[in-house]
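Structural characterization, general
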Amino acid sequence: MREIIIIGSGPAGFTAAIYAARAGLNPLLLASSVEAGGELMNTTEVENFPGFPEGIQGPELMMKLQEQAEKFGTEVILDDVTRVQLDDDVKTVETGYSGTFEARSVIFATGSAYRKLGLPDEERLSGRGVSWCATCDGFFFKTKTIAVVGGGDSAMEEATFLTRFADKVYLVHRKDTLRASKIMQERAFANEKIEFVWNSEVVGIAGENAVEGLQLRDTVTGAESELPVQGLFVAIGNDPRVHLVHGQLDLTVDGTIAVDGRTSKTNLPGVFAAGDVIDPHYRQAVTAAASGTVAALDAEEYLAALDQVAGESAADLAADLVSATSAGNRT
Ligand code: NDP
């Protein structure tokens, strides 16, 4: 049986692994078979991770985190967790191909998944012009005209990155102000290839086998219009990945895993959560990493307390046996 299983391989998961491994707990980290490394694998330059004044590419940062975790004894398996059983002292974690693992504690660092617009043609045209990842698919849009939807940092980042390939990028946002940080906004405003389409929501995607255009609705007047584009990048935020723990762990109104105050403690003993899956607000690589630290320390403390109780019970049992034996000797 393992001491700690960590589910998830973003900054939260790997930082938890570094701390748990350095504490001698030999953690097993289950990284997804297709999305190992988390969201930073789809990011280009990370400019705000402390310690990298020149910036660092997202995938490189994740490789370094994994290397650091493995250096101290973390075992990493690329497989998908399909089911978990969390309410007993011994937790079980089932995977797609690598079998079932048991552990005394589990840390969930499952991050979040791209939010979808919910349009009927979005799935049908996914991979045929509709995408959620500029770094993965941007190359296919060389010299094309495309649209990015969203008003946050992700949308600004995607739009700016996509101007490397596309001739023109429309930034479609449902309001007339952006949620994105000032520096990201300014970078997008200064880019001549980006044109902002304000107060507009995408209500339809046209195209039989590939995206040919968008149907937009003005959120102020209700007027509808067509926008001819060959690609649509959806960058409207993320939802926490909690499908594994539904019915077992308490969730917040935001849909994140509920934890006790600033700790990583869920409603079940021995089960901890860290990173974007508990954070609807800050969602930065650095805050996720810090959250992973908290989870590892909480798990370490929990395991030490279990060991202490087990040690005391064993001592009590031994004392009882000794007194029973000496009482027997007296008769
Ligand atoms: P955000 O939640 O910050 O922004 C989502 C945007 O999408 C909002 O503008 C929102 O509109 C819009 N939106 C949401 N739902 C819909 C919908 N159904 N239809 C149309 N528009 C919609 O998500 P991000 O992914 O941009 O950022 C998440 C976090 O990650 C933030 O903390 C951000 O700072 C961080 N981040 C940091 C980066 C960096 O520093 N380099 C890069 C990328 C992300 P509205 O404004 O109207 O709510």
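What comes next concerns the included structure. (Residues numbered from 1 in each chain as written. Predicted model: local features only at pLDDT ≥ 70, side-chain atom pairs only at ≥ 80, totals over all residues. Heavy atoms only, no water.)

**Some remarks on the packing of aromatic side chains**
For the coordinates displayed, the defined rule picks out 9 aromatic pairs. Seen in terms of ring centroids, F189 and F196 are 4.9 Å apart; in terms of plane orientation they differ by 50°. Their pairing is tilted. Owing to a relative accessible area of 46%, F189 belongs among the partly exposed residues under this scheme. On the basis of relative accessibility, which here comes to 16%, the residue F196 falls in the buried class. Through a chain of ring-to-ring contacts, three or more aromatic side chains come together here, namely F139, F140, F161 and F165. Taking the ring centre of F72 as reference, the NZ or CZ of R22 above it sits at 5.4 Å. For K116, the ring lying beneath its charged end belongs to W132, and the centroid distance is 5.3 Å. (Phe/Tyr/Trp six-rings, centres within 6.5 Å; stacked < 30°, edge-to-face > 60°. Buried < 20%, exposed > 50% of the residue type's maximum accessible area, 1.4 Å probe, protein only. Lys NZ or Arg CZ within 6 Å of the ring centre and 35° of its normal.)

**Side note on the site of the ligand**
D153, S154, R174, K175 and R179 are the nearest of the 20 residues found near the ligand. Here an oxygen atom of the ligand and a side-chain polar atom of Q284 are 3.3 Å apart. In isolation the ligand offers 920 Å² of accessible surface; the protein chains occlude 79% of this area. The greatest single-element share of the shell around the ligand, amounting to 3 residues, is contributed by helix α5 (residues 153-162). Taken together, the residues of the shell around the ligand break down into 4 nonpolar, 10 polar and 6 charged. (Near = heavy atom within 4 Å. Polar contact = N/O pair within 3.5 Å; in protein donor to acceptor, adjacent residues only side chain to side chain. Areas by Shrake-Rupley, 256 points an atom, 1.4 Å probe, with all protein chains shown as cover. Helix = DSSP H or I, 4+ residues; strand = E, 2+ residues; numbered from the N terminus. Nonpolar A, V, L, I, M, F, W, Y, C, P; charged D, E, K, R; others polar.)

**Thoughts on the packing of α5 against helix α6 (residues 182-189)**
Between α5 and α6, the shortest axis-to-axis distance is 9 Å and the interhelical angle comes to 35°. Once α5 is placed against α6, the crossing between them reads as left-handed. Contact residues: α5 offers D153, M156, E157 and T160, while α6 offers M184, Q185, R187 and A188. A breakdown of the residues in the contact of α5 with α6 according to their chemical character gives 3 nonpolar, 2 polar and 3 charged. (Axes fitted to C-alpha atoms, helices over the stretch in contact; angles between N-to-C directions. Left-handed = near helix turned anticlockwise from the far one by under 90°. Contact = heavy atoms within 4.5 Å.)

**Focus: the nonpolar core**
Counting 31 residues, the largest nonpolar core has I4, I6, F14, L29, L40, I107 and F272 as its most contacted members. Elements with a contribution of two residues or more to this core: β1 (2-7), α1 (11-22), β2 (28-31), α2 (58-71) and α7 (285-330). Ignoring anything within four residues of it in the chain, the contact list for I4 reads A20, L25, P27, L28, A103, S105, I107, A299 and L303. (Core = buried A, V, L, I, M, F, W, Y, C linked by side-chain atoms within 4.5 Å.)

**Observations regarding the sheet that holds strand β16 (residues 224-227)**
Pairing in this open sheet of 3 strands is antiparallel, and the strands run β14-β15-β16 from one edge to the other. Whereas interior strands pair on both sides, the edge strands pair on one side only; in this sheet they are β14 (200-206) and β16. Each neighbouring strand pair of the sheet contributes to a mean axis angle of 30°, computed without reference to strand direction. Sheet analysis places strand β15 (residues 213-218) next to β16, joined by 4 bridges and oriented antiparallel. From the neighbouring strand, L214 faces β16, where its bridge partner is L227. (Pairing = 2+ DSSP bridges.)

**Here we look at the state of the cysteines**
Here the structure, examined in full by the defined rule, presents 1 disulfide. Between the sulfur atoms of C133 and its disulfide partner C136 the distance amounts to 2.0 Å. Since a negative S-S torsion denotes a left-handed disulfide, the C133-C136 link at about 75° is right-handed. Judged by its relative accessible area of 6%, C133 falls in the buried class. (Disulfide = S-S within 2.5 Å.)

Purely geometric stuff here, so don't read any function into it on its own.
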